[in-house]
Amino acid sequence: EPEVTQTPSHQVTQMGQEVILRCVPISNHLYFYWYRQILGQKVEFLVSFYNNEISEKSEIFDDQFSVERPDGSNFTLKIRSTKLEDSAMYFCASRRGLAGDNEQYFGPGTRLTVT
Amino acid sequence: AQSVTQPDIHITVSEGASLELRCNYSYGATPYLFWYVQSPGQGLQLLLKYFSGDTLVQGIKGFEAEFKRSQSSFNLRKPSVHWSDAAEYFCAVGPAGGSQGNLIFGKGTKLSVKP
């Protein structure tokens, strides 16, 4: 069964450094998402992406964040200058986009630790 | 405001006992409703979803949930809990037919299972 994959599974970085989290969505899906989950807290929406542009973003997704689909298969989340509070599990998700189907398929997550 | 409330932070049940996890939502339109399960250090696995039709939906691992529009609830149930069900459970709501489809999650209920 097709699945969403994410790399790396764990990323440790120093405060102020740039990180890129990578995701490979399911191949025939059209909508892509990033969510994050700070340890012990709920999963929060960051950004959605469709037709090669951001379709919606939350207040969390400020100028330090950016997303890209560079080659038609990967979907990346870049944090330009990481802060301690960016430490979290980051989940990528994708959705087919057919009418009446809102199921999102989640990847296993990347645990980001900022020191 | 759109929100999902899971009033129970932590529930402990004995193996073989029945389980009900509560979920209430506040949503301005017809919602799509989901239950996800997260084992420690793992990603989010979809247990079941409700889009329309029969308000009692069956999911994987013997779980079911009932949508009650009048109570804005979507409670998850299982008649007999297994030790392997110990995990965190998240209820989520998303827009019906919306183009973005980003999900709003509850804070989760952690389930512990006593032998």
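Just above sits the structure.
The rules we used
Residues numbered from 1 in each chain as written. Chains lettered and ligands numbered in written order. Predicted model: local features only at pLDDT ≥ 70, side-chain atom pairs only at ≥ 80, totals over all residues. Heavy atoms only, no water. Helix = DSSP H or I, 4+ residues; strand = E, 2+ residues; numbered from the N terminus. Rg over C-alpha atoms; globule rule 2.2 N^0.38 Å. Pairing = 2+ DSSP bridges. Axes fitted to C-alpha atoms, helices over the stretch in contact; angles between N-to-C directions. Contact = heavy atoms within 4.5 Å. Buried area = accessible area lost by both parts, 1.4 Å probe. Salt bridge = Lys/Arg side-chain N within 4 Å of Asp/Glu carboxyl O. Polar contact = N/O pair within 3.5 Å; in protein donor to acceptor, adjacent residues only side chain to side chain. Nonpolar A, V, L, I, M, F, W, Y, C, P; charged D, E, K, R; others polar. Core = buried A, V, L, I, M, F, W, Y, C linked by side-chain atoms within 4.5 Å. Buried < 20%, exposed > 50% of the residue type's maximum accessible area, 1.4 Å probe, protein only. Disulfide = S-S within 2.5 Å.

Trainee: What should I look at first to understand the overall build of chain A in this one?
Mentor: Looking only at helices and strands, one finds zero helices and eleven strands in chain A. Along its sequence from the N terminus, chain A presents helices and strands in the succession β-β-β-β-β-β-β-β-β-β-β. Rg of the C-alpha trace for chain A: 13 Å, near the compact-globule value of 13 Å for 115 residues, within the 12% margin. Seen along its three principal axes, the alpha-carbon backbone of chain A occupies a region of about 40 × 25 × 25 Å.

Trainee: Explain the sheet that holds strand S1 (residues 5-7) of chain A to me, please; I cannot follow it from the model alone.
Mentor: Note on sheets: strands pair through backbone hydrogen bonds, and any given pair is parallel or antiparallel. Residue and element names in this part refer to chain A. If you walk across this open sheet you meet the four strands as S1-S3-S8-S7, and the pairing is antiparallel. For this open sheet the edge positions go to S1 and strand S7 (65-68), each flanked by a neighbour on one side alone. Strand after strand, the sheet turns through a mean of 20 degrees between neighbouring axes, direction not considered. Here S1 pairs with strand S3 (residues 19-24) via three bridges, running antiparallel. By the bridge assignment for S3, Gln6 is matched with Cys23.

Trainee: Can you walk me through the interface of chain B and chain A in this structure?
Mentor: Much of the literature gives interface size as the accessible area that the parts lose upon coming together. Every contact between the two is made by 24 residues of chain B and, on the other side, 21 residues of chain A. With both chains or domains summed, chain B and chain A bury close to 1800 Å², and 51% of this area falls on carbon and sulfur atoms. Put simply, chain B and chain A have one salt bridge between them. Across the pair Glu103(A) and Lys49(B) runs a salt bridge whose closest N-O atoms are separated by 2.2 Å. Inspection of the region where chain B meets chain A yields four residue pairs in polar contact (both at pLDDT 80 or more). For the side of chain B that touches chain A, the secondary-structure elements that each account for two or more residues are strand S5 (31-38), strand S6 (45-50) and strand S10 (87-95) of chain B. No other element matches S5(B), which puts four residues into the side of chain B that touches chain A. Across the side of chain B that touches chain A, the residue classes tally to eleven nonpolar, eleven polar and two charged.

Trainee: What should I look at first to understand the nonpolar core in this one?
Mentor: Soluble globular proteins tend to pack their nonpolar side chains together in the buried interior. Residues and elements named next belong to chain B. Leu19, Trp35, Leu47, Leu48, Phe74, Leu76 and Tyr89 are the most contacted members of the largest nonpolar core, which has 28 residues in total. Every element with two or more residues in this core is listed here: strand S2 (10-14), strand S3 (19-21), S5, S6, strand S8 (64-68), strand S9 (73-78), S10 and strand S12 (109-114). The element best represented in this core is S10, accounting for four residues. The residues touching Tyr89, leaving out its near neighbours within four places in the chain, are Gln6, Leu21, Trp35, Tyr36, Val37, Leu47, Phe63, Leu76, Gly108, Thr109 and Leu111.

Trainee: How do you make sense of the pattern of salt bridges when you look at a structure like this?
Mentor: As a working rule, side chains carrying opposite charge can pair if their charged atoms are close by. Tallying each qualifying case throughout the model produces six salt bridges over all chains. Ionic pairing is found between Glu44(A) and Arg36(A), a salt bridge with its closest N-O pair at 3.4 Å. Classification of Arg36(A) by relative accessible area gives buried; the value is 10%. Each of the salt bridges in this network shares a partner with another, and the network as a whole consists of Glu64(B), Glu66(B) and Arg77(B).

Trainee: Which parts of the structure should I look at to understand the state of the cysteines?
Mentor: When the sulfur atoms of two cysteines share a covalent bond, that bond is a disulfide. Residues and elements named next belong to chain A. Overall, the coordinates contain two disulfides over all chains when judged by the stated rule. A sulfur-sulfur distance of 1.9 Å marks the disulfide that ties Cys23 to Cys92. Between Cys23 and Cys92, the S-S torsion sits near -65 degrees, and that sign places the bridge as left-handed. Remark: Cys92 occurs in strand S9 (residues 88-95) and Cys23 occurs in strand S3; sequence separation between them is 69 residues.

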